[in-house]
Amino acid sequence: MSETRTHPIHVRPAVLADEAALGELDRATWSTLHAVMPAPQPPYDPFFDERHRPEDFLVAETGESGGGSRPAGYLRLVPPTPLACNNHVRQIQGLAVADWARGRGVARTLLRAAFEAARGAGANRMTLRVLGHNAPARALYESEGFVVEGVLPGEFFLHGRYVDDVMMGRSLAP
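The text that follows walks through the structure, step by step, so that each part is easy to find. (Residues numbered from 1 in each chain as written. Predicted model: local features only at pLDDT ≥ 70, side-chain atom pairs only at ≥ 80, totals over all residues. Heavy atoms only, no water.)

### Here we look at the overall build of the protein chain
Here's step 1: Scanning the protein chain from terminus to terminus reveals 3 helices and 8 strands.
Here's step 2: Counting helices and strands in the order they occur from the N terminus, the protein chain gives β-β-α-β-β-β-α-β-α-β-β.
Here's step 3: For the protein chain, whose C-alpha radius of gyration is 16 Å, the value lies close to the compact-globule estimate of 16 Å for 174 residues.
Here's step 4: C-alpha atoms of the protein chain, sized along the principal axes, occupy 50 × 40 × 35 Å.
Here's step 5: Burial analysis of the protein chain (174 residues in total) assigns 38% to the buried set.
Here's step 6: Put simply, of all contacts in the protein chain between residues at least 6 apart along the chain, 61% involve residues at least 24 apart.
Here's step 7: Total accessible area on the protein chain stands at roughly 9700 Å², and carbon and sulfur atoms take up 54% of it.
Here's step 8: The centroid of the 18 positive side-chain charges in the protein chain is displaced by 5 Å from the centroid of its 20 negative side-chain charges. (Helix = DSSP H or I, 4+ residues; strand = E, 2+ residues; numbered from the N terminus. Rg over C-alpha atoms; globule rule 2.2 N^0.38 Å. Buried < 20%, exposed > 50% of the residue type's maximum accessible area, 1.4 Å probe, protein only. Contact = heavy atoms within 4.5 Å. Areas by Shrake-Rupley, 256 points an atom, 1.4 Å probe, with all protein chains shown as cover. Lys, Arg positive; Asp, Glu negative; His and termini not counted. Charge placed at Lys NZ, Arg CZ, Asp CG, Glu CD.)

See the structure below:
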């Protein structure tokens, strides 16, 4: 557990009841810095579906003055393929932090919880993909032990320019 300026950050597995709050958080944090899909428009697709199940997500919450809590962010952690030969790998396929919670350690807390969850599932390696122009995310990942393992130059054409797809990975060995 980590702390925001006034309230602790608590990470837990997502549950189906989180759908509305996580969908809202996902839409609120959409940005050209990290998104390759167009901005969501109503009517919105469900947050959870057959490929995005509650058990694939970790949710960071912070306490509120009235005693409740609210989602400060989420991380999606899944095997990169359905193949048994790389079941030892987990991949981060989404990380979002609410604007009001940025700079408080939420993303770092989610990453560290993901390391623990992946190890608990028997994984010994973690990977992710990040857009080349997303310097804040890349710096965070590097500070948590990820290294660049490959770059697909100009993989995406976003908002009138070509953007690299950067693959990063790290060992989960203690």
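### Comments concerning the pattern of salt bridges
Here's step 1: This structure, assessed with the given rule, holds 9 salt bridges.
Here's step 2: D18 serves as the salt-bridge partner of R12, at 2.7 Å between the closest nitrogen and oxygen. You'll find R12 and D18 in the same group, each marked buried.
Here's step 3: Across the pair E144 and R108 runs a salt bridge whose closest N-O atoms are separated by 2.5 Å. A residue pair is termed long-range when its members are at least 10 positions apart, and E144 in the loop between α3 (135-143) and β7 (147-158) and R108 in helix α2 (residues 106-120) qualify at 36 residues. (Salt bridge = Lys/Arg side-chain N within 4 Å of Asp/Glu carboxyl O.)

### Side note on the packing of aromatic side chains
Here's step 1: Applying the stated criterion across every chain yields a total of 8 aromatic pairs.
Here's step 2: Between the aromatic rings of F57 and Y74, the centroid separation amounts to 5.6 Å while the plane-to-plane angle is 70°, which identifies the pairing as edge-to-face. A residue pair is termed long-range when its members are at least 10 positions apart, and F57 in strand β3 (residues 57-63) and Y74 in strand β4 (residues 69-78) qualify at 17 residues.
Here's step 3: Since its relative accessible area comes to 4%, F57 is described here as buried.
Here's step 4: Three or more aromatic residues joined by ring pairs form one cluster here, namely F47, F48, F57 and Y74.
Here's step 5: The side chain of R27 reaches across the aromatic face of Y44, ending 4.0 Å from its centre.
Here's step 6: The positively charged end of R170 is found above the aromatic ring belonging to F115, 4.1 Å away from the centroid. (Phe/Tyr/Trp six-rings, centres within 6.5 Å; stacked < 30°, edge-to-face > 60°. Lys NZ or Arg CZ within 6 Å of the ring centre and 35° of its normal.)

### What to know about the environment of G122
Here's step 1: Note that G122 resides in the loop between α2 and β6 (125-131).
Here's step 2: The class of G122 is exposed, set by a relative accessible area of 53%.
Here's step 3: With 31 residues separating them in the primary sequence, G122 and Q91 have C-alpha atoms 13 Å apart.

### Quick look at the packing of α2 against α3
Here's step 1: Relative to each other, α2 and α3 sit at 45°, their axes nearing to 11 Å. Judged by the angle between their axes, α2 and α3 are oblique. α3 is crossed by α2, and the crossing has right-handed handedness. Counted together, A107, R108 and L111 of α2 and L140, Y141 and S143 of α3 form the full contact between these two elements.
Here's step 2: A breakdown of the residues in the contact of α2 with α3 according to their chemical character gives 4 nonpolar, 1 polar and 1 charged. (Axes fitted to C-alpha atoms, helices over the stretch in contact; angles between N-to-C directions. Parallel < 35°, antiparallel > 145°, perpendicular 65-115°, else oblique. Left-handed = near helix turned anticlockwise from the far one by under 90°. Nonpolar A, V, L, I, M, F, W, Y, C, P; charged D, E, K, R; others polar.)

From the geometry alone we can't say anything about function, so treat these as descriptive.
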